[in-house]
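Working through the structure, step by step
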Amino acid sequence: MRLLQVRRPWATEITPQDTEPASVRNPARALSVPFLAGAGLLALISIYFTVFQTEYNMYTYNLCLLAVLGALSLNLLMGTVGQASIGNAAFIALGAFGTAFLDRAGVPMPADILIASLATGFIGLIVGFPALRIRGLYLVLGTLATYFIVIYVTTVYESDTVGGAGFQVTVLFQSSGLLNGQRLWIWLLTVIVGLVLTGMRCIDRGRLGRAWRFIRDHEVAAPAVGISVYKYKLGAFWLSSLLLGFEGSLLAHFNGSVTTDAFPLALSISYVAMVLVGGLDSMLGAVIGAGLVTALPIVVPQLVTSLSTGDGSSSTGADLATVVYGLLIIFFMTRSPRGVAGWLETFAQKLRKGIRLRRQRVSPAADDGVA
Amino acid sequence: MSTTLTLLANGLWLGSTYALIALGMVLAFRATRTLNFAHGELMLLAGYVVAKLEANHTLPAYVAVVVAIVATSVAAALVYLLALRRTTGMQMFVAVVVTIGVASVGDGLMAWGFGPNDQYLRLPGIPGTVLSVSGARVSLFTIILGGFSFCLAVAVALVLRYTRVGMRLRAAGQNPLLASQGGVHVERIYTASWAAAGALAAVAGICYGASNVVNVSVTALALNAFPAMLLGGLDSIGGAILGGIIIGMIQTAVSIWGNGQLAGVSSYIVLLLVLLVLPHGLFGTREVARV
């Protein structure tokens, strides 16, 4: 037991509370009260941003919501299935470039998002086949190579078609003006994130989620109980790249332009940071991490400029944000592998324990009173 | 004929650079089984330190080089002591992700501290002579660099094989628990090997900076050494040298007959192929999985 704990700290720490009773096998039961409360909170935050915030802050919030999709996808791959990947920016790029391609071909709005996401999912499936054979360190290297190859392809496509300026894509809600456009985007993305969260939660708490965790923890034993490692892993690769492609596609319609420069390797690493900050194998963690990491490079420069009166170089803030990213990754990996979600869980447990203790203390006293 | 010679010369230069970079990575991997994504940042640090010392303090170049090597190896040792040490016993990719975090910190700090400008190193004793061999122009420095990486690799291999420290390092890398029971201070050995890997990174960074330029592109160069390392087999010193030369030759060949962009990505195509066909590389230790 001790040995296991050393090798996979989060897995064994999470497992005791995570093994939920058989009643959860009904997917509808997966939508528990805390989950619905969380979704409600997200809706409230969206209302707050649409009503009270400036256009720029709404833009930032939209970026956070978009990042949630990618973070959920990477959380599935890294947290639930245990496949470390640093190629995720490539799949976002594929979604965005697919949308640009379809947009130029004249495919109307919702169809191009759908086709681009499905195509990215398909490419993820193709990449997944060789990835079945490799794991651990080798998979990290393989995804790194995939990233560079995909980025090479998009660079060549971009420079051959439109040159360095990048593709122009029709912006959704452009006709409603800047402010209302951002507002409509918040509503659209809140609904999308809500739906994706619900879907992922049902998958996560059902048969698939259990099979994935089993593969993560005991890959050799999984086939012995009838879990096809190969099918489930491919499924995970497909679903996660589909989600990343979906995010990229929405991002293209949100920004209105698609360039390769928008998908550096640092973007991949920031998604890894989201999952680690939030906590591996936690959907709540992915949402929190996406918010924190996306807002960081926007908030840190503001803090820097408000703190320092001297040189107003804008790059200083971005550099500091990079440092903070790195420190967050190091801190959460080495000190707190269960992330912010783990803290919240511990806090909630203590709270529950405290309430129970108080009840116990109160009830004997009441009994005494009656006696 | 001249194209072939140019290919050989340029390939040798690029390959020796990769070999030097991969040498440091292999040393760190031998000890802690970690792929070091922050190796490029260590190289960059050494380059910047030499450039700044030369520019600001007019120190003799050799003093600046020694200071840079010491500073970089201290930085690498600190990376191990402050961050990587805490990942002992966790899954392998945890340590890799931590080095990615370290790389991110290094990128930010160096961009902040040294600015975005390119730096050039002026080291005396670096020959600018260009030999003309049957029509092809071959820089003398290329040949020296190739020989130098080869000698350094031989030295590292000899130290690993025949000294007490080398033996301890191999033992600690293969089986930390058993090594510690045998009286090896595993943490000290790991720290020392990370410091040595940092020194090798500094040497690689300064060599590259002396013949080229010191800027952020060095970190991308270091990522390109992963294919070389994997081709050599991840944990083989000789493999790192051979892998580096092969990758350098392939990239040069692609840039001569194809284009520059394709050359940059060709090493990653090789990486994927090696992963699929030859996962233990040319000289790597085969991992035997017992179920």
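Residues numbered from 1 in each chain as written. Chains lettered and ligands numbered in written order. Predicted model: local features only at pLDDT ≥ 70, side-chain atom pairs only at ≥ 80, totals over all residues.

1. Regarding the overall build of chain B
In terms of helices and strands, chain B carries twelve helices and two strands. The order of α-helices and β-strands along chain B, N terminus first, is α-α-α-α-β-β-α-α-α-α-α-α-α-α. Each principal axis of the C-alpha atoms in chain B carries an extent, and together these give about 60 × 50 × 35 Å. Considering chain B as a whole, with its 291 residues, one finds that 53% of them fall into the buried category. When contacts within chain B are restricted to residue pairs at least 6 apart in sequence, long-range pairs at least 24 apart make up 75% of them. (Helix = DSSP H or I, 4+ residues; strand = E, 2+ residues; numbered from the N terminus. Buried ≥ 20, exposed ≤ 12 C-beta atoms within 10 Å, placed from the backbone. Contact = placed C-beta atoms within 7 Å.)

2. What to know about the interface of chain B and chain A
With 35 residues of chain B at the interface, the matching set in chain A holds 37 residues. Element by element, the count of residues in the side of chain B that touches chain A is highest for helix 4 (residues 92-114) of chain B, at 16 residues. The class makeup of the residues in the side of chain B that touches chain A is 26 nonpolar, seven polar and two charged. (Nonpolar A, V, L, I, M, F, W, Y, C, P; charged D, E, K, R; others polar.)

3. Points about the confidence of the model for chain B
Interpreting fine coordinate detail is not advised for predicted regions of low pLDDT. Overall, the predicted model of chain B reaches an average pLDDT of 87, with 95% of residues at or above 70. Both confidence scores are given for the complex: pTM 0.87, ipTM 0.89. (pLDDT = per-residue confidence, 0-100.)

4. Brief notes about the packing of helix 10 (residues 225-232) of chain B against helix 11 (residues 237-257) of chain B
Residues and elements named next belong to chain B. Relative orientation of the contacting elements helix 10 and helix 11 amounts to 125 degrees, with a least axis distance of 7 Å. Considering their axes alone, helix 10 and helix 11 lie oblique with respect to each other. In terms of crossing hand, the pair formed by helix 10 and helix 11 is right-handed. Residue-level inspection shows Ala-225, Pro-227, Ala-228, Met-229, Leu-231 and Gly-232 of helix 10 in contact with helix 11, the latter providing Gly-239, Ala-240, Leu-242, Gly-243, Gly-244, Ile-246 and Ile-247. Split into classes, the residues belonging to the contact of helix 10 with helix 11 amount to nine nonpolar, four polar and no charged. (Axes fitted to C-alpha atoms, helices over the stretch in contact; angles between N-to-C directions. Parallel < 35°, antiparallel > 145°, perpendicular 65-115°, else oblique. Left-handed = near helix turned anticlockwise from the far one by under 90°.)

5. Thoughts on the environment of Ala-192 of chain B
Residues and elements named next belong to chain B. Checked against the element boundaries, Ala-192 lands in helix 8 (residues 186-211). Residue classification places Ala-192 among the partly exposed positions, given that 19 C-beta atoms sit within 10 Å. Residues Ala-192 and Ala-76, spaced 116 residues apart in sequence, show a C-alpha to C-alpha distance of 9.4 Å.

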